[in-house]
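Summary of structural features
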Amino acid sequence: MTQVKMTVNGIPASGEVEGRTLLVHFLRDDLELTGTHVGCDTSQCGACVVHVNGNAVKACTMFAIEADGAEVDTIEGQAAPDGKLNTIQQAFQDHHGLQCGFCTPGMVMSAAALLKDNPKPSEAEVRHYLDGNICRCTGYHNIVKAIMAASGQEVSALAAE
Amino acid sequence: MYEFEIERPSSVADAVKALGQEDAQPLSGGQTLIPTLKARLAMPSVLVSLTGIKELQGVEMRDGALWIGGGTTHATVMHDAAESYPALAKLAARIGDPAVRNRGTIGGSLANNDPSACYPAAALASGATIETDRREIAADDYFQGMFTTALEEGEIVTGVRFPIPQAAHYEKFIQPASRFPLVAAYVAQFSDGVRVAITGASNEGVFRWTEAEAALSERFDADALDGLTLDGGNMIGDLHGSGAYRAHLCGVMTRRAVQAIA
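Every value quoted in this text rests on a predicted model; they were computed, and no experiment measured them.

Calculation rules
- Residues numbered from 1 in each chain as written.
- Chains lettered and ligands numbered in written order.
- Predicted model: local features only at pLDDT ≥ 70, side-chain atom pairs only at ≥ 80, totals over all residues.
- Heavy atoms only, no water.
- Domains from an automatic or database assignment.
- Contact = heavy atoms within 4.5 Å.
- Buried area = accessible area lost by both parts, 1.4 Å probe.
- Salt bridge = Lys/Arg side-chain N within 4 Å of Asp/Glu carboxyl O.
- Pairing = 2+ DSSP bridges.
- Helix = DSSP H or I, 4+ residues; strand = E, 2+ residues; numbered from the N terminus.
- Axes fitted to C-alpha atoms, helices over the stretch in contact; angles between N-to-C directions.
- Buried < 20%, exposed > 50% of the residue type's maximum accessible area, 1.4 Å probe, protein only.
- Polar contact = N/O pair within 3.5 Å; in protein donor to acceptor, adjacent residues only side chain to side chain.

Residues and elements named next belong to chain A. Domain annotation for chain A reports domain 1 (2-77) and domain 2 (87-150). A straight line from the C-alpha centre of domain 1 to that of domain 2 covers 21 Å. Of the residues lining the interface, 16 residues belong to domain 1; the matching set on domain 2 comes to 14 residues. Taking both sides of the interface into account, the surface hidden between domain 1 and domain 2 amounts to around 1,100 Å²; carbon and sulfur atoms contribute 63%. On the domain 1 side of the interface with domain 2, the three residues burying the most area are His37, His51 and Ile75, jointly 39% of the side's total. Applying the counting rule to domain 1 against domain 2 returns zero salt bridges.

Once that is clear, we can look at the sheet that holds strand 12 (residues 207-208) of chain B. Residue and element names in this part refer to chain B. An order of 9-10-11-12 is seen for the four strands of this open sheet, with the pairing classed as antiparallel. Only two strands of the sheet have a single neighbouring strand rather than two, namely strand 9 (167-174) and strand 12. Both strand 11 (residues 193-199) and strand 12 contribute to a ladder of two bridges, which runs antiparallel. Its bridge partner lying in strand 12, alanine 197 is registered against arginine 208. Sitting on the sheet, helix 10 (residues 243-261) touches strand 9, strand 10 (181-190) and strand 11, and the angle it makes with strand 10 is about 40 degrees.

The tally for this structure, following the rule as stated, stands at 18 salt bridges over all chains. Two residues, B:Arg195 and B:Asp140, come together in a salt bridge whose shortest N-O distance is 3.1 Å. Linking B:Arg195 in strand 11 with B:Asp140 in helix 8 (residues 139-142), this pair joins segments that are 55 residues apart in sequence. Residue classification places B:Asp140 among the partly exposed positions, given a relative accessible area of 39%. The shortest N-O distance in the salt bridge between B:Glu213 and B:Arg208 comes to 2.9 Å. It is possible to trace a salt-bridge network through shared partners that takes in A:Lys58, A:Asp131, B:Asp97 and B:Arg179.

Looking now at the side chain of B:Thr158. Residue and element names in this part refer to chain B. Looking at the secondary structure, you find threonine 158 in strand 8 (residues 157-163). Of the polar contacts made by the side chain of threonine 158, one reaches the backbone oxygen of threonine 132; its length is 3.5 Å. Not counting chain neighbours up to four residues away, the residues in contact with threonine 158 comprise Val12, Leu56, Trp67, Gly69, Gly70, Glu131, Thr132 and Asp133.

Below, the structure written as structure tokens:
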């Protein structure tokens with residue numbers, strides 16, 4: 001077992017992990033931050049996307065030891081401490097960007113990473129960026145709409161595909 | 001996953017030393033290796049993580065060639081090579097998905113030499129040189145078949161030097177589930193000739209299409225490829241496409257790459 005220390009959502013966190021412990025399991029099982037989901041466990045679905053040192057990564061395809069010393073942000077850190085949703089989360093709610101909600105944590109974290117680099121993406125750029133996030137309710141249209149709205153763009157004209 | 005230890009050396013020398021242990025294996029971005037470990041297709045006793053080694057990071061011009069550190073992520077290449085070698089930056093920008101690009105590295109891709117990976121095509125078509133902890137290997141000698149390279153046990157790709165072509169383009173036909181190329185062609189035009197590398201198609205892994213190179217060196221026009229075909233007999237055939245289909249796609253992708261340049 002190895003001791004790891006990282007900052008998760010701005011709060012220092014530490015624990016003992018095996019070499020093979022994945023970051024997502026450390027977050028869920030040790031830190032009890034179960035908002036980060038494991039959908040496929042094979043790096044396909046993106047439900048486990050978190051930010052490590054500001055970059056979106058799949059927490060199921062990174063070892064906890066490799067996040068030692070890193071700043072990690074998860075879905076739990078997105079809303080304000082009083083529970084007020086951030087702009088992206090609020091847009092998902094307003095535009096019905098979730099159905100069952102399982103993929104939502106990864107979608108929101110991917111959207112946050114996109115908007116940080118590209119504050120006014122085109123619809124095509126949003127869809128391309130979400131390549132690694134799968135919604136098995138197939139609710140992509142409203143997810144894209146929510147992200148466009150969160151970026152402050154007009155969404156009423158977005159036609160369903 | 002089977003049990004293993006992870007070591008995180010901070011220098012190439014320490015990493016090479018750690019890789020001397022029995023059943024030790026290097027770990028770069030892990031975007032292929034971790035799924036492989038989950039499937040219990042590998043059983044290392046020690047993984048030597050290369051991600052904390054600063055000397056493996058970077059994208060910079062050195063003596064007229066573009067040097068990229070082996071531990072550099074696809075996302076970094078996408079940003080930092082955009083001006084010096086746009087075709088390569090565009091290739092990096094379309095590997096996997098954003099989260100994969102933030103972890104996966106060029107050294108890992110070249111060391112693995114997946115028959116459908118993108119970077120091997122760029123390295124081969126650009127006539128790149130693979131730098132390791134102990135020597136330099138020309139791309140023409142480096143790729144030795146599916147998942148096979150000239151690398152020795154415990155040898156680390158420390159960097160890659162890309163000569164910069166006058167023009168280049170990478171055209172890939174994406175297999176939509178995996179986002180790997182089903183077939184892709186990298187065409188690089190140099191003052192002394194054209195190089196064409198094909199990935200995703202052959203059972204032998206990435207290869208140079210020398211007939212297309214000769215035709216395009218003579219006349220750089222998609223029509224110069226008329227009548228040239230590849231044999232589907234030694235091409236990968238699976239549920240996504242037969243060998244003959246892939247052989248056909250080689251021509252289509254090469255043609256589109258040339259059209260994108262010309």
